[in-house]
Amino acid sequence: MGGKIVLERSEVPGSGAWTDTLDPWGNELAFWQAETPGTPQLTGSGTNALSWVELASADYGRAANYYAQMVGWQFEAVEGMDDYGVDTSNIPGLGLVGGERGSRLKGMTDYFTTGDIHAACAAIAANGGQVLEEPQDIGDGSLFTLFLDPDQNRFGLVQPAG
């Protein structure tokens, strides 16, 4: 289907195994198989929790088909947004962006939840990161923005409405 395996199945003694892949658009996806179903149990404070993952591809239709066949993800179109779909059966949710924006973004963007997006943007800039766009309303009062860390890794922030 045009993807490739970067790292063959690799055992983690007493825990499970994983493999690392690249899809046809250069998005890196690692797959984990726990030795005991349901493990490891990852927990955290919930502060700045991962809330959304977005994959990018210039060819939305081909990418949606690829992920459906590879891992069963079913992207549904978002009304009013060309070349964008979501699969909300996964936690966190998954987005697939295609077309010009998908071609420009390249790769995967992880979005984290924050209680104060403006304070987070100030902290990013003060610590060597770069805010790529001012926070924007996504239609329900929630805000989002994209930023680069000092090593040029792209992330997103979401501040829920309310």
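Relevant structure appears above.
Quick notes on the rules
Residues numbered from 1 in each chain as written. Predicted model: local features only at pLDDT ≥ 70, side-chain atom pairs only at ≥ 80, totals over all residues. Heavy atoms only, no water. Buried < 20%, exposed > 50% of the residue type's maximum accessible area, 1.4 Å probe, protein only. Helix = DSSP H or I, 4+ residues; strand = E, 2+ residues; numbered from the N terminus. Arc of directions from axis to C-beta. Contact = heavy atoms within 4.5 Å. Polar contact = N/O pair within 3.5 Å; in protein donor to acceptor, adjacent residues only side chain to side chain.

What should I look at first to understand helix α3 (residues 117-126) in this one?
Quick reminder: α-helices carry 3.6 residues per turn. Residues three or four places apart thus point the same way. Taken together, the buried positions of α3 are Ile117, Ala120, Cys121 and Ile124. Summarising the axial view, the buried residues of α3 lie within an arc of 100°, below the 170-degree limit, and thus occupy one face. Summarising the geometry of α3, the exposed residues directed more than 90 degrees from the buried face are His118 and Ala126. Looking at the buried residues of α3, the elements they touch are β9 (130-131), β11 (143-148) and β12 (154-159). Its side-chain oxygen at 3.2 Å from the backbone nitrogen of His118, Asp116 defines the N-terminal cap of α3. Positive phi shows up at Gly128, right after α3, with a value of about 95°.

What should I look at first to understand the environment of Gly107 in this one?
Looking at the secondary structure, you find Gly107 in the loop between α2 (99-105) and β8 (108-113). Separated by 38 residues in the primary sequence, Gly107 and Thr145 have C-alpha atoms spaced 17 Å apart. With near-sequence residues (within four places) excluded, Gly107 lies in contact with Asn27, Glu54, Leu55, Ala56 and Arg154.

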